[in-house]
Amino acid sequence: MIGLWAYYLLAVLLFVVNLAAWCLNLLTLPGNWTIVAVTALFAWLAPTSEGGPHVSWTVVGVLVVLAIVGEICEFAASAAGAAKQGASRRAVVLSIVGAMLGSMLGIWGGVLIPIPVIGSLIGAVSGGALGAFAGAYLGEHWKGKTHAERQSVAEGAFVGRFFGTFAKLAVGAIMVVVATVDSFFF
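Report follows, based on the coordinates. (Residues numbered from 1 in each chain as written. Predicted model: local features only at pLDDT ≥ 70, side-chain atom pairs only at ≥ 80, totals over all residues. Heavy atoms only, no water.)

### Focus: the overall build of the protein
Now for step 1: Helix and strand counts for the protein come out as six helices and zero strands.
Now for step 2: Its C-alpha atoms put the protein at 65 × 35 × 20 Å along the principal axes.
Now for step 3: Out of the 186 residues belonging to the protein, those deemed buried represent 41%.
Now for step 4: Averaging the locations of the 8 positively and 7 negatively charged side chains of the protein gives two centres separated by 16 Å. (Helix = DSSP H or I, 4+ residues; strand = E, 2+ residues; numbered from the N terminus. Buried < 20%, exposed > 50% of the residue type's maximum accessible area, 1.4 Å probe, protein only. Lys, Arg positive; Asp, Glu negative; His and termini not counted. Charge placed at Lys NZ, Arg CZ, Asp CG, Glu CD.)

### Topic: the pattern of salt bridges
Now for step 1: Counted under the stated rule, the structure contains four salt bridges.
Now for step 2: Between K168 and E71 there is a salt bridge, with the nearest N and O atoms lying 2.9 Å from each other. Taken as a pair, K168 in helix 6 (residues 147–185) and E71 in helix 3 (residues 57–83) lie far apart in primary sequence, 97 residues in all.
Now for step 3: Taking the relative accessible area as the measure of exposure, E71 reaches 24% and is therefore partly exposed.
Now for step 4: A salt bridge links E74 to R161; the shortest N-O distance between them is 2.7 Å. Residue E74 is located in helix 3, and its partner R161 is located in helix 6; the two are separated by 87 residues in the primary sequence. Taken individually, E74 and R161 each receive the classification buried, so the pair is uniform in this respect. (Salt bridge = Lys/Arg side-chain N within 4 Å of Asp/Glu carboxyl O.)

### Some details on the side chain of T165
Now for step 1: The residue T165 is located in helix 6 in this model.
Now for step 2: Of the polar contacts made by the side chain of T165, one reaches the backbone oxygen of R161; its length is 2.9 Å. (Polar contact = N/O pair within 3.5 Å; in protein donor to acceptor, adjacent residues only side chain to side chain.)

### Some remarks on the side chain of R161
Now for step 1: Its relative accessible area of 7% is what places R161 among the buried residues.
Now for step 2: Those residues in contact with R161 that sit more than four places away from it in its chain are T28, E74, S78, I96, A99, G128, A129 and A132. (Contact = heavy atoms within 4.5 Å.)

### Let's talk about helix 1 (residues 4–24)
Helical geometry: 3.6 residues make up each α-helical turn, so side chains three or four residues apart lie on a common side.
Now for step 1: The first and last C-alpha atoms of helix 1 sit 30 Å apart over 21 residues, in line with the 30 Å expected at 1.5 Å per residue.
Now for step 2: If you check which residues of helix 1 are buried, you get Y7, A11, L14, N18, A21 and W22. Angular distribution of buried residues about the axis of helix 1 spans 95°; they occupy a single face of the element. Away from the buried face of helix 1 by more than 90 degrees, exposed residues W5 and L9 are located.
Now for step 3: Elements in contact with the buried residues of helix 1: helix 2 (31–45) and helix 6. (Expected span 1.5 Å × (residues − 1). Arc of directions from axis to C-beta.)

### Let's talk about helix 2
Now for step 1: Its 15 residues give helix 2 an end-to-end C-alpha distance of 21 Å, which sits within 8% of 21 Å, the value for a rise of 1.5 Å per residue.
Now for step 2: Residues of helix 2 that are buried in the fold lie against helix 1, helix 3 and helix 6.

### A closer look at the packing of helix 5 (residues 118–142) against helix 6
A pair of packed helices can be characterised by two numbers: the angle between their axes and the separation between those axes.
Now for step 1: Running from N to C, helix 5 and helix 6 point in directions that differ by 150°, and their axes come no closer than 8 Å. Classified by the interaxial angle, the pair formed by helix 5 and helix 6 is roughly antiparallel. Here helix 5 and helix 6 pass one another in a crossing that is right-handed.
Now for step 2: Among the residues forming the contact of helix 5 with helix 6, the class breakdown is 15 nonpolar, five polar and four charged. (Axes fitted to C-alpha atoms, helices over the stretch in contact; angles between N-to-C directions. Parallel < 35°, antiparallel > 145°, perpendicular 65-115°, else oblique. Left-handed = near helix turned anticlockwise from the far one by under 90°. Nonpolar A, V, L, I, M, F, W, Y, C, P; charged D, E, K, R; others polar.)

### With respect to the environment of A43
Now for step 1: Following the sequence through the fold, A43 ends up in helix 2.
Now for step 2: A43 gets classed as buried once you look at its relative accessible area, which sits at 11%.
Now for step 3: C-alpha separation for the pair A43 and V55, spaced twelve residues apart in sequence, amounts to 5.0 Å.
Now for step 4: When sequence neighbours within four positions are dropped, the list of residues in contact with A43 reads V55, W57 and V60.

This is the structure:
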């Protein structure tokens, strides 16, 4: 058992780490699952005295369900965007790789947008969508598809990645709020 002041200090640290984990989603990395892992570790290592604030294991379970929902939303939007246009497996795989690389490059490009934090967010999301476009286009080119077919699949990958990322970010934001509220108030 830890004291109340130490607990609240650790709860603030939990919030900061979960917020940083949420940002991993911008890079197409498992940010929501990192939120689950960090919050579960907190629940295990930072219990308070009987009746004091704590993170419940029920909330950790809710976070697991939310992380699964986020993955389903992201995958469904991303895959549906390209697959709806008849994408090959190669185009889908290269779209995912392109999205990861584009997100990382987009963060650096986002530095050029003179709005703190928001500039990097815009850069990462748009870079990921452009990377998905480029990867899908390259994959369809590799398969020998016509320009019109490549363009159609690439546009589907772009739109799917864009909306999939926002869906996963929205679910991740809910996860951060749920973990924070539970750690401070219940």
